[in-house]
Amino acid sequence: MMKSGRCPKCSSDNVYMRKDGLQESFTIVLGFANTKQARTDDYICLNCGYFERYIENISDFQDIAGKWNKVR
Ligand SMILES: [Zn+2]
């Protein structure tokens, strides 16, 4: 993963991170009248352009477990 400072696609260490990412936050719709603002840490590999994004405040989104499809 990019958090380790190495790109998983091209193995380059030319990886940069920006706290709060490309946008300060964006809205995730969890249901009717139930939206939350996600803040992200965004990682970019300057060698191949691979981009990875992590939601910083993931503890605010645990309701997703009952709403989205679990990946198996
Ligand atoms: Zn790369």
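Note: the structure precedes this text.
Keep in mind the model is a prediction, meaning the values are calculated, not measured.

What follows concerns the pattern of salt bridges. On inspection of all chains with the given rule, the structure shows 4 salt bridges. Close ionic contact of K36 with D63 constitutes a salt bridge, the shortest N to O distance being 4.0 Å. Here K36 is found in strand 3 (residues 34-38), whereas its partner D63 is found in the segment after strand 5 (51-55), with 27 residues between them in sequence. Note that R39 is salt-bridged to E56, the shortest N-O span being 3.5 Å. In this pair, R39 sits in the loop between strand 3 and strand 4 (40-45) while E56 sits in the segment after strand 5, placing the two residues 17 residues apart along the sequence.

Quick look at the coordination of the zinc ion now. Protein coordination at the zinc ion comes from C7 (SG), C10 (SG), C45 (SG) and C48 (SG), with a distance range of 2.3 Å. Considering all 4 donor atoms around the zinc ion, the spread of angles at the metal, 105 to 113°, places the coordination shape in the tetrahedral class. Here the donor residues of the zinc ion are spaced in sequence according to C-x2-C-x34-C-x2-C. Note that C10 is positioned in the segment before strand 1 (15-19) and C48 in the loop between strand 4 and strand 5, a separation of 38 residues in sequence. By relative accessible area, which is 29% here, C10 ends up partly exposed. Residue C48 is classed as partly exposed on the basis of its relative accessible area of 40%.

Let's shift gears to the side chain of D41. Topologically, D41 is positioned in strand 4. Overall, the relative accessible area of 12% leaves D41 in the buried class. Side chain to side chain, D41 and K19 meet in a polar contact 3.5 Å long. If sequence neighbours within four positions are ignored, D41 has contacts with M17, R18, K19, D20, E52, R53, Y54 and E56.

Here we take up the packing of aromatic side chains. Tallied over the entire structure, the rule returns 1 aromatic pair. Centroid distance Y43 to Y54: 5.7 Å. Interplanar angle 85°. Geometry classified as edge-to-face. With Y43 in strand 4 and Y54 in strand 5, this pair connects stretches of sequence that are 11 residues apart. Above the plane of the ring of Y54 lies K3, whose end atom (NZ or CZ) is 4.0 Å from the centre.

What follows is about the side chain of D42. Tracing the backbone through its elements, the reader meets D42 in strand 4. Among the polar contacts listed, one links the side chain of D42 to the side chain of T40, at a separation of 2.9 Å. In this structure, D42 is in contact with Y16, M17, R18, G21, L22, F51, E52 and R53, ignoring residues within four places of it in sequence.

Parameters at a glance
- Residues numbered from 1 in each chain as written.
- Predicted model: local features only at pLDDT ≥ 70, side-chain atom pairs only at ≥ 80, totals over all residues.
- Heavy atoms only, no water.
- Salt bridge = Lys/Arg side-chain N within 4 Å of Asp/Glu carboxyl O.
- Helix = DSSP H or I, 4+ residues; strand = E, 2+ residues; numbered from the N terminus.
- Donors = N, O, S within 2.8 Å, 3.2 Å for Na, K, Ca; no water.
- Tetrahedral: all angles 85-135°; square planar, octahedral: opposite > 155°, others 65-115°.
- Buried < 20%, exposed > 50% of the residue type's maximum accessible area, 1.4 Å probe, protein only.
- Polar contact = N/O pair within 3.5 Å; in protein donor to acceptor, adjacent residues only side chain to side chain.
- Contact = heavy atoms within 4.5 Å.
- Phe/Tyr/Trp six-rings, centres within 6.5 Å; stacked < 30°, edge-to-face > 60°.
- Lys NZ or Arg CZ within 6 Å of the ring centre and 35° of its normal.

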